[in-house]
Amino acid sequence: MCGIIGYLGEREATPVLLESLKRLEYRGYDSAGVAVLEAPKPGSPISTSITKSEAKVDDLIAKIQAIKPTGHLGIGHTRWATHGRPTYINAHPHTDCHGRIFVVHNGIIENFAELREELQKAGHEFTSETDTEVVPHLIEANYKGDFLAAVRAALKRIRGAYALAMFSTEDPELLIGARLNAPLVVGLGEQEFYIASDITAIIPYTKRVLVLGEGEVAAVTPLGAEVSTLDGTTVKPKLVHVDWDVSQAQKGGYPHFMLKEINEASEAVANAMRGRLTDDGSVTFREFALTDEELRRYREVLLLGMGTSRHAALIGEHAIEDWAGLPARAVDAAEFRYRRPTFGPDTLAVIITQSGETADTMVGLHQAKERGALTVAVTNVFASSAARDADGAIYLHAGPEIGVASSKTFLAHLVSLYLLALRLATVHGRISLERRQELVASLRAVPDQVRGILDREQEIKTLAHRYSKYRNFLYTGRGLGYPVALEGALKLKEISYVHAEGVTGGELKHGPIALLDAKFPVIAICTASPTAEKMVSNVHEIVARDAPVLALVTEGDDSLDGVATDRFVMPAAEEAASAILNSVMLQLFAYHVAVELGQDVDQPRNLAKSVTVE
Ligand code: F6R
């Protein structure tokens, strides 16, 4: 996963690939590589020069200067490790047994383990730990003299997400791109063509871009680019004229990284589930592969995190308690080290940190380990300190997050914790098959429902405009709605510098209600849940104090019609799924309030993406 570039044209491919990889660096990565089909030398067979670095693109450039590959066709990649450590061997491009097929890949191949086993049985030799390496071997296995046909046959076997750029020494004038659930475009230049995961890579070379659709393959030759489906049916791709500069392109045309990343929520939620969940609720984590019997030993769950990750911990606590019937405690990691230990070897400590580097959380991890708990890090960054130091890791697979305020990683954390809760519930025999199936169906519907919320951005922007005149906000909810309220309030305060706090609906009348008047609005999470009726009563109490109320309600529920000042209608969903959907709405709301107030959304004052001091 990270950045892809492919080139076919009259220029030397190497400098184009390297310049493009430099422009993709902003996304974050751990290693890089390029493969160039060498210009044929008289009397010698066609060969490919492959150069990789387990460091930065500058290191790759230094290595290539010593090799100086020449040729007009090549592919390049910056890697953000998902399967396999960030090492030289795992860096892309990957190749088949005979060094004829070269592939770079973004995404996650869900069924790579079974494909790898099948290919190994057929005699294929693998050199890396990656899921990607199955692709060149699968193409090799299907190769019968036609590279494009072999690619199509191979891709029909792959489940999951991929954006791929590929070439073969057997067909030296053909560059192939393909995508499913991961973005890929084809850039059209003068007598030259590009394949890229991100328009940023190619923006100085061309403004004309073909956007590939799901499951489509682009076959690029010196004569042009032809796009077809995996069945070989020709399709007319969408031609887009891009007028962005590099900085706009890095943000995918959005004005801020945060907005781009909120818009990646649907993909992030889908990726966190990808390949881990069956219809009947069986969950498998690759880097935390305990047997049922091993997992059954743990009778209590401790969840540690800070900030947004602590809010995710609170949601995890609720789900584990509710579904698995296990005692669960979400703890502020910075406080944890100073408390008296009341846990031991039968405790599972879940370390929640998107960066994997937060100092407070790392101290908590080490303490939990020292006191005999089994530790698992739930993190977005492969081989981060938390992932390395914990006994196991659950990766978010959300892709890089550049905006300082966490957005899509929070949602991926929720999904990961739900999956962990389901796994614990299953091994402890605390959940019926029917209930598991209901929860899975509800989680599976979330990516589409998230898209539905994102499509209503204008509605949210209008609300944000109306509420941006207030200087104080209270967010309130019950059950899972409470941590959602805490997170909604944190998002608002950190990017707009407007005071906001979260309280439970129950706590409201024990003090905070004294604050309320016509200038103190309340955001109330009233979507369907076992405590929704209680929230309706709370909203009546708030309205009686003249405070404006923006209520999030479930479609079909008219109990707050004419009561709340504004209602935002959410789709019907399980409470767990609603926590994700409500959070997306509140992220967009906070974003638009901050923009309305003219704040620096991506880099709020006094904050850093990764807080590495205690
Ligand atoms: C808020 C935010 C922070 C982080 C916190 C922990 O938007 O991003 O509150 O959640 O600093 O960071 P991680 O998850 O990297 O441990």
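Draft legend 1. Just the domain arrangement of the protein chain, in detail. What the domain assignment reports for the protein chain is domain 1 (3-253), domain 2 (271-449) and domain 3 (456-596). Using only C-alpha atoms to locate each centre, domain 2 and domain 3 end up separated by 26 Å. For the pair domain 2 and domain 3, the two sides together bury roughly 1800 Å², of which 70% comes from carbon and sulfur. A per-residue breakdown of the area domain 2 buries against domain 3 is headed by His 311, Leu 411 and Gln 449, which together make up 27% of the total. There are 1 salt bridge connecting domain 2 and domain 3. Two residues, Arg 435 and Glu 574, come together in a salt bridge whose shortest N-O distance is 2.9 Å. Every element with two or more residues in the side of domain 2 that touches domain 3 is listed here: α10 (308-324), α14 (408-427) and α15 (433-454). Residue classes in the side of domain 2 that touches domain 3 are distributed as 11 nonpolar, 8 polar and 2 charged.

Draft legend 2. Quick peek at the pattern of salt bridges. Using the criterion set out here, one finds 27 salt bridges in the structure. One salt bridge in this structure joins Asp 279 and Arg 444, with 2.3 Å as the shortest N-O distance. Taken together, the positions of Asp 279 in the loop between α8 (265-273) and α9 (292-296) and Arg 444 in helix α15 put the pair 165 residues apart, joining distant regions of the chain. Of the charged contacts, one joins Glu 300 and Arg 329 as a salt bridge, the two residues approaching to 3.0 Å between their closest N and O atoms. Here the residue Glu 300 occupies a position in strand β15 (residues 300-305), and Arg 329 occupies one in strand β16 (residues 328-332), the gap between them amounting to 29 residues. Taking relative accessible area as the criterion, Glu 300 reaches 16% and is therefore assigned buried. Residue classification places Arg 329 among the partly exposed residues on the basis of a relative accessible area of 27%. Beyond isolated ion pairs, a larger network of salt bridges with shared partners links Lys 22, Glu 25 and Asp 58.

Draft legend 3. The pairing of strand β18 (residues 374-379), seen in detail. Burial analysis of β18 places 6 of its 6 residues in the buried class, which makes it a mostly covered element. Burial along β18 is two-sided: the face carrying Leu 374, Val 376 and Val 378 and the face carrying Thr 375, Ala 377 and Thr 379 are both buried. As paired strands, strand β17 (residues 347-352) and β18 are joined by 5 bridges and run parallel to one another. Across the sheet, the residue bridging to Ala 349 is Thr 375, located in β18. A crossover links β17 with its parallel partner β18, the connecting element being helix α12 (residues 359-370), and its sense is right-handed. Note that β18 and strand β19 (residues 392-395) share 4 bridges and pair parallel. Pairing of Ala 377 across the sheet is with Ala 393, part of β19.

Draft legend 4. Representation of the nonpolar core within the structure. Counting residues in each nonpolar core, the largest one holds 94 residues, and the members touching the most others are Trp 323, Val 350, Tyr 418, Phe 473, Tyr 475, Met 585 and Phe 589. There are two domains that each give this core at least three residues, and those are domain 2 (271-449) and domain 3 (456-596). Residues contacting Val 350, with those up to four places away along its chain left out, are Val 301, Leu 302, Leu 303, Leu 304, Val 376, Val 378, Leu 417 and Leu 420. Formed by 27 residues, the second largest nonpolar core is a distinct cluster that contains Val 103, Tyr 162, Met 166 and Leu 174.

Draft legend 5. The arrangement of the pairing of strand β1 (residues 2-9) in detail. The buried count for β1 comes to 8 of 8 residues, which makes it a mostly enclosed element. With 7 bridges connecting them, β1 and strand β4 (residues 73-79) associate as antiparallel partners. Opposite Leu 8, over in β4, you have Leu 73 as the bridge partner. Bridge count for β1 against strand β10 (residues 192-196) is 5 bridges, and the pairing is antiparallel. Bridged to Ile 5 within β10 is Ala 196.

About the cut-offs
- Residues numbered from 1 in each chain as written.
- Predicted model: local features only at pLDDT ≥ 70, side-chain atom pairs only at ≥ 80, totals over all residues.
- Heavy atoms only, no water.
- Domains from an automatic or database assignment.
- Buried area = accessible area lost by both parts, 1.4 Å probe.
- Salt bridge = Lys/Arg side-chain N within 4 Å of Asp/Glu carboxyl O.
- Helix = DSSP H or I, 4+ residues; strand = E, 2+ residues; numbered from the N terminus.
- Nonpolar A, V, L, I, M, F, W, Y, C, P; charged D, E, K, R; others polar.
- Buried < 20%, exposed > 50% of the residue type's maximum accessible area, 1.4 Å probe, protein only.
- Pairing = 2+ DSSP bridges.
- Right-handed = clockwise from strand over helix to strand, strands pointing away.
- Core = buried A, V, L, I, M, F, W, Y, C linked by side-chain atoms within 4.5 Å.
- Contact = heavy atoms within 4.5 Å.

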